[in-house]
Every structure is written in C-alpha cells, then in structure tokens.
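The residues making up each chain are set out below.
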Amino acid sequence: MLTLLFDGIAYGMLLFVLAVGLAVTLGLMNFINLAHGAFAMAGGYITVLLMNRLGVPFLATLPLAFLGTALIGALLEPLLYRRLYGKPHLDQVLFSIGLVFMAVTGVDFIIGSTQQNITLPAWLQGRFDISWIGIGKYRLFIIVVCAALAIGLQWMLSNTRFGSQLRASVDDPRVAGGLGLNVNRIFLLTFAVGSGLAGLGGALGAEILGLDPSFPLKFMIYFLIVVSVGGTTTLTGPLLAALLLGIADVAGKYYVPKLGAFIVYTLMIVILLLRPQGLFARAGGGK
Amino acid sequence: MSAVAQALRAHARWRWWELATFAALVLSWLLLPGQSLLLNEIAILALFAVSLDLILGYSGIVSLGHAAFFGIGSYAAALFAKLVMPDPWVGMVVAIAVAALLGALCSVLILRGSDLTRLMVTLGVASILYELANKLDWLTGGADGLPGVVMGPLRTPFGAFEFDLGGRTAYAYTLFVLILCVLLARRLVHSPFGTSLQALRDNRLRAASIGLSVNARLVVVYTVAAAIAGAAGGLLAQTTGFASLDVFEFHRSAEVMLVLVIGGTGYLYGGIFGAIVFKLLHDLVSAWTPQYWNFWLGLFLVILVLVGREKLTRPWTWFGAKR
Amino acid sequence: MSEVVLETRGLLKRFGGITPTNDVSIQVEKGARRALIGPNGAGKTTLINLLTGVLEPTAGSIWLDGQDITQLAPHKRVRRGVVRTFQINQLFGELTPLQSLGLAVASHLGISGGWWKPLGSDARVAPACETLLAQFHLSDVMNQPVKHLAYGKRRLLEIATALACEPRVLLLDEPVAGVPEGERQEIFDIVNALPADVSVLLIEHDMDLVFNFASSVTVLVNGAVFAEGDVQAISNDPRVKAVYLGESTEERAHG
C-alpha cells in the first residue's frame, strides 16, 4: 500500500512539472492552452530520438529536452500566442485544439504511431526494497528531480527580481505594464520556461507514461485537472492538486480497475462543484 | 403600428434565406436520392451543431463535452430498440427524454465558476460517460460497440415506411426531426426568453440587475440543448443501426464546435451551413489524404482563429471593407 | 414624516484585511432625493453592491418596506423595485438598445420567461420602449448593436435600462461619469422627472449637481457614516468640509 503511495507521489510530482507551465500561462496571460501537452510530447520525443538514434546518455538528454522545448515555446509565443491573449476563451480553445491536432498528426507522419521505448541507464533500473515498501529507483529519481524543480521554482518566484516581476504581472498585468515592467518579455520567458518544463516532464515521463502521438490528447485532461483544481494563483496549489491526482489515479486503478479513470473525473467534478475556483485558489481569484 | 413596434417585430420575421434553406433541405431529399446516406450524416451533424449553438452562440457557455448528450441519446435509442421495441418514434422520444434528464442534472455543474471550470466539468462528464460505456460492456458492447440495431417501420400519416438500405426513409426521418427542432428553437431564440439568454451571455451581471434569473435560464437552455443533441444521437443510432463509443469521444465535441464556428454562432442556422461545408470538405480532403485529415483540420483552426472567426461568415471583410 | 422604504441596520462588510462597509445604518424614505458622497475609497459603491445583493454582508441587515431582504437574491430585489445603474457601463453588447430596453420592460412585466411568442408581441412592450427611447434620445440608434454606440449614448442607455424596470428605489452610481458638462443636466432632468414616490439614492462627485438635485445627503468616510442631514446643513458642516468639501464649494453655498 505504501508502494502505491510512493508511486502515486512520483506520478503526482511528474504531473506537477508537466502542468505547472499551463497553470502559469493561464494565471498570467489568461490563456487556456490546450496544446500544452504537445510541448510535453515534444520533450519526450527529443529524449527518445537523442537516445535511440544518437546514443546520447539519458541524463544528458534531459536538459536538452528542456531547452529544445523551451526554444519551441519561445518561437511560438510571439509568433502565434501573443496575438490571441485578449481573445475570448472560445477562440483560444479552438486555436490550441488546432495546434494539438497538427502536432499529433505531424508526429505520426514523421515518426510513426508506435509507442516509443527507451532503455533507462542501469543505475536507474530496478528498485530498493525497504521492509514492505518497494521503491522504484526511477520513481525515486523522478521525485527527487521534480521536488528540486519545485523548490527551485518557488525560490525563483520569491527571491529573484524576475520572480517578483512575474508575480506582479500575474496579479495585474495592466498595472505591471504601467510600472514599466516589460510585460511582453515576461510573458515570453514565462511561456518558454513553462513549455520547457513540460518538455522535461515529457522526457522524464516517457518511461512511465508511455510516449506516442496520442500523448497530448490522453493527458490533456490530467493537466487541466491539476490547473483547475489547484488554481493559478499559487505554486503550491497545483503541486498539491497534482499529488492528489497522482495518488488518486494510481490507487483507483489498483483497487478498482473496473472503474479506471472514472474516479478521477468524478472527484474533479465534485471538487469543482464545491469550489469552482479550485481547491487552493485565493478567495476572489479565478477568471 | 409604430416604428418601434415594427422594429421589434422585424427581429422575428422570416428572412428569405431561412425559407430558402428549408426549401433546399426538402429539395435535396427529392432530387438527390442517391446521396441520401451522406445527406443523412450531414443533417445529423447539423442538428447536433444547432443544439450547441443554443448554449454556445446564444448563452455563451463554452462546452468541450457536448458529445455527452449526443452519445447518451445514441445509446438510449439503440438499447431501447434492441431491448424494448424497435419503433423509431418512441425510441426518439426516449432518447430525447434521457438526454434532457442528463442535461438537467449536468446543468447544475455549469452555473458557477470560470470558463475553465466549465470546460473541465463538461469535459469530465463526457469522459465519465465514455468510461462508463466502456466498462459496462455487458450492456453497451464496450469497445466493440452495439451493432444490430434494427428499426421497425416508420409510421406516418402517409403509411408505414421501412428503413431502406439506400437511406431515403432515414434521410426523410432525419430531415423531419431537424426541421422540427429548428422551428422550435427559432421560436425560442426570438422570444423574451431567447433574448434574455443573449443578455446573460453578453453581461451576466446586468442581466441579473434587470431582474432576470440567470441560473434558472441556464438550467433550461442546457436541458433543451441536451435534448436536441440527444435527438441527433438517437437519429445516428437509428439510421445507421449501430452505436459505438466514439459518440462520447472528445473528438466529437471538438468537431461539433468547429462545425458551428464554421457556420457562424448565434443565428441558429450556423449549424446547418457549417455541417454542409464541414462534411463536404472532409470528404474532399479525406479522399486526398485519408490519414492526415486532422492535420489540415488543425491548420484550418489555427488560421481561422488568427485571422478572426467573424471574417469567415463575413466574406466582405476579407479585403478590409467595412459593412 | 415620510415612510422609510429602504433601510440598513448595522451593515458590515469585511474581506481580506479591509472593512469597506463599517456598521452602516441608513434610512431612505419614500420619495427621497438623497446624495451619497464621500472621498474615494469611502465604500460608496460597495454599499450599493450590498444593497443590490451583488455582495453578501458580513453582518447586519437590509430592509425593504419593512421586510428583511438580506438573503434575497439580486434578481429578486430588482423585481421588488430596487434597481441600480453602474459607474462603468454594463450593457448587452450584441443586442440593440431596443432589444435591451424591451427585455428590461418584459422583465418588469414578468413576461421575460415567455418562450413561444416573439419579444414585442405583448402590446405593452413597444409603447414603454418608445417612451424611454424618446426620453433618452436613443430613437435614432435603437436598432444598432450597443457595442457600436458612442459613449454618450451608451451612458444614456445605461440609465434608461434601469428606468425600464420601473424602480421604486433607484440607486445611481455616478450617473454622469464621463458625460460632457453640457449634457449632464439633461440626465438629471430626467431623473428629477421621476414620480415623486420613487426614492433615489445617488453617488456623485459633482457638487453642483448634488446641490441642484439632492434634498438630503449621507456622507461616507472609510466605510462608515460620517454625517447625515439635509443638503444645506451638510454643505455648511465644517467637519464635512474638512474631510471632503473644498473652499470653492463654500462660496457656492453662500452665493
């Protein structure tokens, strides 16, 4: 049972890293980006291709997955996304669905639709058995890396100038702009980093979640759950929501496999029914 | 009659193109018997899209899970025909009733919260139904679907007509339901109730501030839209003899939204025009690149939004002219 | 002594660390022409939001005609005759002025739920709209979508929409905000022409208009009632002048 908890935490941490970019994009630009999963997929494929085709060691592919995806994000933000910030949510939904369709079929066309496999380095395979808990080495690795990222992000938000500029812009972009903050640059950097993190998450998750062109569609709802339940005003909100989701999903699939994802969806609806702004949002927030 | 009274009346007057559309629909049945199967598909999609217009175009609710009602109507009609009786009219009433019930229940979920919350909740409901239909395979056939939905004859004042393989009876039946629903929806949108829907779409706060009960209206329109979507789903099951899981898929919800956007939201006929254009485009592009239809669809969506949705239904604005 | 139509008792609103409405007890009598004034941030709009039910009070109660309406939903208060206008126009962008007013009239008549016959089929709607359109000089733009209208017309529509609901208590939140000087009096003339038994509570910064229109004044400072009385008394009150009114107004009051 504790093994389940451990696995759930690993899954949750991974979901957090995957979804945090989406939370910030929504909170900062008020943009519903359903294509976020495509960035995750991109990162996953970068890792897979580098490892399988070019023999790059796993650990080395991770920063490259982050950078590669961040670059894609940095290109798409001023080119496409920036034109749509003020538009109604319907337009944003249509646009991002369009991007997902393009990404999914594009990858299918270029690489094919079979699931991609990578071979983890030997030191990450297998598990430690400590009394009754089986601790998978890879899952432990994921928890450590994601926790470090979470802590790093929190530190950056509260201790760096960029962090306070970002927080100011999330609170009120017009005022922030009026104060002389270069809101465009902040948006660009934030979007790039958020996408990069998604890519990194996709790379880390390739082994656990499976990687094929349908990845963005399969997991889109999970990222959205993290963001809508966790809220977009804090970092801890999505983190807790992701952990909750990870544990609920793993436990649900183990104990009641017949119901599958049913439990997760029902839980989400109940939570949103009771607290439409999300479980952890500040009172008065939410758009 | 004063100018003001006339102006008020003018909103609800029949336009020539509305009559032309209905005439064209009926003519298509008369003059294109060989295309009945394709036309039937278009008409079902049109009805589905019109139902979405009521909540999206007129009430401003962005739903990514409208397929939930389409799907439940489909399965309700299929199961009713297989397990109870194969009469299409009774089955249609059942499909509508079940979908309306589900709509009424789900309407509570969309009353509060932001656009994102509503998106999630509608998506969640459709996903739950998909999972349920998948897991309850002893009832629904699971991933294999529910084939062999054999319908009895369609009883009309002109006689009883069997559903023929060519789809002529099916298309006539579908057209009847489509036209009936559009006529009813038309009265709804021109009424004070319909105007109040648009008001709450434009400014919920002000709508309440002139004494309109926003929540009650949302519940009603959501239920009505669900009922009509259920009718479309029921038509699908009854006229194709088959019900399958894809009726609940996200793809269906996304597709119907796109169909409506192509045709234009907020004037009721966008669903019909959008369905025609969409299906024709689909057949055209699929013949050319069958696997990658989604890519072109995605590209179209991206360009559509970047250029501006309104431009699509106002070709005169394409080159900078102002209406 | 006129009967009290609208009353608050110890109305309190607190959120986060601030208390925008602090133990406010006011009484608005039938036919009142009351101005609600105070420095920026005094809580005037918050009070209106509480009275209309847009905000829920932390404590205290609101009474209409001797009945407790504190728990009553906003749209129901409108049906009882408590109607407001907004400082920033809140209009229905895609509808026309005619449709907006027609809807408000229909709502007041209780026929806004009708779903079979078109809006306007009830014979009472058109004449009411016609009167309002003429009164507010909107007849020439009555069929244009509101989003295309100039600011001045939109402001007029903002107020016309409230009047279409035939209020018994009218809460005006800075009705002439953004309206050019020359056109302000016109709006006040219309409000002045309201039936004598309609109570009007007006938030306003323009002191000329306050003196021309109001007979009584409530002064809010930091969310609490600072002073209350008839307009002459308030304009002469040194405490009020100290906190809000300026020297120039003193000249006007005497001259």
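Residues numbered from 1 in each chain as written. Chains lettered and ligands numbered in written order. Predicted model: local features only at pLDDT ≥ 70, side-chain atom pairs only at ≥ 80, totals over all residues.

Chemist: Give a description of the overall build of chain C that names residues and reports values.
Modeler: Each helix and strand counted, chain C has ten helices and eleven strands in total. Taken against the 2.2 N^0.38 rule, which gives 18 Å for 255 residues, the C-alpha radius of gyration of chain C at 19 Å falls within 12% of a compact globule. Along the first, second and third principal axes, the C-alpha atoms of chain C reach 60 × 40 × 40 Å. Counting over 255 residues, chain C shows a buried share of 45%. Nonlocal contacts in chain C, meaning residues at least 24 apart in sequence, comprise 66% of its contacts between residues at least 6 apart. (Helix = DSSP H or I, 4+ residues; strand = E, 2+ residues; numbered from the N terminus. Rg over C-alpha atoms; globule rule 2.2 N^0.38 Å. Buried ≥ 20, exposed ≤ 12 C-beta atoms within 10 Å, placed from the backbone. Contact = placed C-beta atoms within 7 Å.)

Chemist: Can you lay out the overall build of chain B for me, pointing to particular residues and giving the numbers?
Modeler: Within chain B one finds 15 helices and two strands. Here chain B has a C-alpha radius of gyration of 20 Å; the compact-globule value for 323 residues is 20 Å, and the two agree.

Chemist: Give a description of the packing of helix H2 (residues 16-31) of chain B against helix H8 (residues 168-190) of chain B that names residues and reports values.
Modeler: Residue and element names in this part refer to chain B. Between H2 and H8, the least distance of the axes is 10 Å, while the angle of their chain directions is 170°. Taken together, the axis directions place H2 and H8 in an arrangement best described as roughly antiparallel. Residues Phe22, Leu25, Val26 and Trp29 of H2 pack against Tyr171, Ala172, Leu175 and Ile179 of H8. Taken together, the residues that form the contact of H2 with H8 break down as eight nonpolar, no polar and no charged. (Axes fitted to C-alpha atoms, helices over the stretch in contact; angles between N-to-C directions. Parallel < 35°, antiparallel > 145°, perpendicular 65-115°, else oblique. Nonpolar A, V, L, I, M, F, W, Y, C, P; charged D, E, K, R; others polar.)

Chemist: Please provide a residue-by-residue account of the interface of chain B and chain A, values included.
Modeler: On the side of chain A, 40 residues touch chain B, which itself brings 34 residues to the contact. Counting residues per element, the ones that place at least two in the side of chain B that touches chain A are helix H6 (115-135), helix H12 (250-263) and helix H14 (293-307) of chain B. In terms of residue count, H6 of chain B provides more of the side of chain B that touches chain A than any other element does, 14 residues in total. Each residue belonging to the side of chain B that touches chain A can be placed in one class, and the counts come to 22 nonpolar, seven polar and five charged.

Chemist: Tell me about the domain arrangement of chain B, and name the residues and values.
Modeler: All names here are of chain B. Domain annotation of chain B identifies domain 1 (32-288) and domain 2 (293-323). Distance between the C-alpha centres of domain 1 and domain 2: 25 Å. In this assembly, seven residues from domain 1 lie in contact with six residues from domain 2. Contributions of two or more residues to the side of domain 1 that touches domain 2 are made by H12 and helix H13 (270-288). The class makeup of the residues in the side of domain 1 that touches domain 2 is four nonpolar, three polar and no charged. (Domains from an automatic or database assignment.)

Chemist: Pulling in residues and values, what's your account of the domain arrangement of chain C?
Modeler: Residue and element names in this part refer to chain C. Annotation of chain C at the domain level lists domain 1 (1-81 + 167-255) and domain 2 (92-164). Computed over C-alpha atoms only, the centres of domain 1 and domain 2 are separated by 26 Å. Taken together, the eight residues of domain 1 in the interface contact six residues of domain 2. In terms of residue class, the side of domain 1 that touches domain 2 is built from six nonpolar, one polar and one charged.

Chemist: Give me the sheet that holds strand S7 (residues 82-84) of chain C: which residues, what numbers.
Modeler: All names here are of chain C. With respect to topology, six strands assemble into an open sheet ordered S7-S8-S9-S4-S10-S11, the strand pairing being mixed. Here the strands that pair on one side only, and so sit at the sheet edges, are S7 and strand S11 (224-230). Across the sheet, the mean angle from the axis of one strand to that of its neighbour is 20°, orientation sign disregarded. Here strand S8 (residues 169-173) pairs with strand S9 (residues 199-203) via five bridges, running parallel. Of the residues in S9, the one forming a bridge with Leu171 is Leu201. (Pairing = 2+ DSSP bridges.)

Chemist: Please give an account of the interface of chain C and chain B that cites residues and values.
Modeler: Contacts between the two partners involve 39 residues from chain C, matched on the other side by 28 residues from chain B. No other element matches helix H3 (residues 97-109) of chain C, which puts eight residues into the side of chain C that touches chain B. Among the residues making up the side of chain C that touches chain B, the classes are represented as 20 nonpolar, 14 polar and five charged.

Chemist: Help me get a handle on the confidence of the model for chain C, residues and values and all.
Modeler: Close inspection of predicted coordinates is inappropriate for parts of the model with low pLDDT. Residue and element names in this part refer to chain C. Averaged over every residue, the pLDDT of chain C is 89; residues scoring 70 or more account for 95%. Looking across chain C, the model is least confident in helix H10 (residues 247-254), with a mean pLDDT of 47, and most confident in S7, with 96. Residue range residues 246-252 is modelled with pLDDT below 50. Its contacts to residues more than four positions away, or to other chains, number three contacts. Scoring of the predicted complex yields 0.89 for pTM and 0.90 for ipTM. (pLDDT = per-residue confidence, 0-100.)

Chemist: Pulling in residues and values, what's your account of the pairing of S8 of chain C?
Modeler: Residues and elements named next belong to chain C. For S8, a buried count of five out of five residues is recorded, marking the element as mostly surrounded by other parts of the structure. Of the two faces of S8, the one carrying Val169, Leu171 and Asp173 and the one carrying Leu170 and Leu172 are both buried. Where S7 meets S8, three bridges bridge the pair, whose relative direction is parallel. When the bridges of S8 are listed, Val82 appears paired with Val169. Note on the crossover from S8 through helix H6 (residues 181-192) to S9: the handedness is right-handed. (Right-handed = clockwise from strand over helix to strand, strands pointing away.)

Chemist: If you had to explain the nonpolar core to someone new, which residues and values would you point to?
Modeler: Counting 272 residues, the largest nonpolar core has Ala19 and Val226 of chain A together with Leu47, Ala99 and Ala231 of chain B as the members making the most contacts within it. Counting residues per element, this core draws most heavily on helix H1 (residues 2-29) of chain A, at 18 residues. In contact with Ala99 of chain B, other than residues within four places in its own chain, are Phe69, Ile72, Gly73, Ala226, Ala227, Ala229 and Gly230 of chain B. (Core = buried A, V, L, I, M, F, W, Y, C linked by C-beta atoms within 7 Å.)

Chemist: Pulling in residues and values, what's your account of the environment of Pro167 of chain C?
Modeler: Residue and element names in this part refer to chain C. In this structure, Pro167 sits in the loop between helix H5 (151-163) and S8. Taking the C-alpha atoms as reference points, Pro167 and His108, 59 residues apart in sequence, are found 9.3 Å from one another. Once you skip the residues sitting within four places of it in the chain, Pro167 turns out to touch Gly81, Val83, Ala162 and Val198.

Chemist: Any details on H14 of chain B? Residues and values, ideally.
Modeler: All names here are of chain B. Its 15 residues give H14 an end-to-end C-alpha distance of 21 Å, which sits within 8% of 21 Å, the value for a rise of 1.5 Å per residue. Within the span of H14, buried status applies to Phe295, Leu297, Gly298, Leu301, Val302 and Val305. Relative to the axis of H14, the buried residues are bounded by an arc of 165° and lie together on one face. Exposed side chains of H14 directed beyond 90 degrees from the buried face belong to Ile303 and Val307. One or two residues past the end of H14 sits Gly308, with phi positive at roughly 120°. (Expected span 1.5 Å × (residues − 1). Arc of directions from axis to C-beta.)

Chemist: Help me get a handle on unusual backbone geometry, residues and values and all.
Modeler: Notably, Leu268 of chain B is not glycine yet its phi reads approximately 80°, a positive angle. Within the secondary structure, Leu268 of chain B is located in the loop between H12 and H13. Residue Leu268 of chain B is classed as buried on the basis of its C-beta count, with 22 C-beta atoms lying within 10 Å. Of note, the phi angle at His137 of chain C is positive, near 55°, even though the residue is not glycine. As for its position among the elements, His137 of chain C is in the loop between helix H4 (125-135) and H5.

Chemist: Help me get a handle on the environment of Ala170 of chain B, residues and values and all.
Modeler: All names here are of chain B. Among the secondary structure elements, Ala170 is positioned in helix H8. It is 29 Å that separates the C-alpha atoms of Ala170 and Ser63, two residues lying 107 residues apart in sequence. Here Ala170 is in contact with Ser36, Asn40, Phe163 and Thr239, once residues within four sequence places are set aside.

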